Amino acid sequence: MQCEVGPWSKCSASLREAWSAIELLGPTPASPFLTWEYFESVASVRDDVLVAVLRRAGEIVACLPLQRDQRRRAIPVGGRLNDLHGPLGLELGEDDVSKILGLAALSRFDFHAAPRMAWNSGGAIWCEVPGYRAQLGEKPGEYVAHLTDTRYSVRQQKRKTRAMELKLGPIRMEWRTRDDAVLDTLLSWKSQQYQRTGNVDIFSLAWTRNLVHRLLHLNPEGMHGQMSALYAGDELVAAHLALRYRNTLHCWFPAYSVQRSQMSPGTELFLRMAAQAPAEGVTVLDMASGTEPYKKKLTNETYSVVRGSLDLIPWRCKLRSLSLAARQQASSIPWIKNVQRLVRQAMSGRDPIRHQ
């Protein structure tokens, strides 16, 4: 196969025309993070997005979009905002991806949510992590009825919602809103959440805020951002920015008012979204990978993605392999999460610079 690597801004018209066929050609599942609209949106707010294009007999058969960081390292396009990544089209092996890295003058590819495939399950350093999704069925309200029957905490939500309505006023949901003021409130809530939990505040960076605003206003005929909002009386109490692609709503950034947290407005918004989704042509709510308890509580299906690194430097590859093994062993120690939280809080002020 012939391979060429260049900046996204130099993508050819033939690549744009072939994209849909490439996306469906290989084993990688359909995802908003593998669409032309997603990569184009990230490239509009960053100048470090690359794409490798592979041809066989002149025909485009695969491509691999990447983002270059300041340490000669490839990362998924959009960094931690990207919930599924890897080559599109014809399945590639480790040698193919290593060649792409070499052509791009990059020494390694760090990934955190890739389908397990030939390119990342051989010599790459990796481990599997669970992802969560809700298969809703085709009848509106059917999935929520199932959750109510099988999850005690979901049954309790009715009581909390009644209390919220008595205190604040009638509850209503907007299935789709493009109000930038609502999005800014959602981002503010997420920033406060990251600061409370000691995580990196990714929305302290201008490019991430610009990206989500751009995605929200994409043409709804293709992949686009979709924001739902929950009101109690006149007060916004929860909002959820998702990515809509075909019959899937990828649950990306949920947030809620901390002042109303005892009433679980975020859960109420999810339940209302799940109840209405089938009527809107959505049959899957994908919550991606993660350890948040609400993902287990609100979903009925799990899948696996791979987190790891493909490193071209042997000694560093071995060192990173030992480091990964040590972290996996440490994760079973009961008090280790408290230590990790303290370290995150100490480092969170500096980490946004790395994400820039």
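Rules used in this analysis
Residues numbered from 1 in each chain as written. Predicted model: local features only at pLDDT ≥ 70, side-chain atom pairs only at ≥ 80, totals over all residues. Heavy atoms only, no water. Helix = DSSP H or I, 4+ residues; strand = E, 2+ residues; numbered from the N terminus. Polar contact = N/O pair within 3.5 Å; in protein donor to acceptor, adjacent residues only side chain to side chain. Contact = heavy atoms within 4.5 Å. 1 Å grid on protein atoms, 1.4 Å probe; cavity = no way out; pocket = protein on both sides within 12 Å on 5 of 7 lines; lining within 4 Å. Points joined across faces, edges and corners; volume = space filled by probe spheres on them. Nonpolar A, V, L, I, M, F, W, Y, C, P; charged D, E, K, R; others polar. Disulfide = S-S within 2.5 Å. Buried < 20%, exposed > 50% of the residue type's maximum accessible area, 1.4 Å probe, protein only.

**Considerations on the side chain of H85**
Checked against the element boundaries, H85 lands in the loop between β4 (73–75) and β5 (88–89). At 3.4 Å, the side chain of H85 and the side chain of N82 are in polar contact. Here the side chain of H85 touches H112 through a polar contact of 3.1 Å, landing on its backbone nitrogen. Setting aside anything within four residues of it in sequence, one finds H85 in contact with L34, P76, F111, H112, A113, A114 and P115.

**Section: the layout of surface pockets**
Its boundaries defined by the atoms lining it, the second largest pocket holds a volume of some 330 Å³. Mapped onto the lining of the second largest pocket, the elements with two or more residues apiece are β11 (248–256), β12 (284–289) and β13 (301–311). The dominant element in the lining of the second largest pocket, judged by the number of residues it contributes, is β13, at three residues. Within the lining of the second largest pocket, the residues separate by chemical class into nine nonpolar, five polar and four charged.

**Focus on the state of the cysteines**
Throughout the structure, instances matching the rule amount to zero disulfides. C11 provides the cysteine sulfur closest to C63, a residue in no disulfide bond, and the two sulfurs are 8.4 Å apart.

**Some thoughts on unusual backbone geometry**
Positive phi, close to 55°, is recorded for R72, a residue that is not glycine. In this fold, R72 is placed in the loop between β3 (59–68) and β4. Residue classification places R72 among the partly exposed positions, given a relative accessible area of 47%. Its identity as a non-glycine residue notwithstanding, A105 has a phi of 60°, on the positive side. The residue A105 is located in the loop between α3 (94–103) and β6 (108–114) in this model. Classification of A105 as partly exposed rests on a relative accessible area of 41%.

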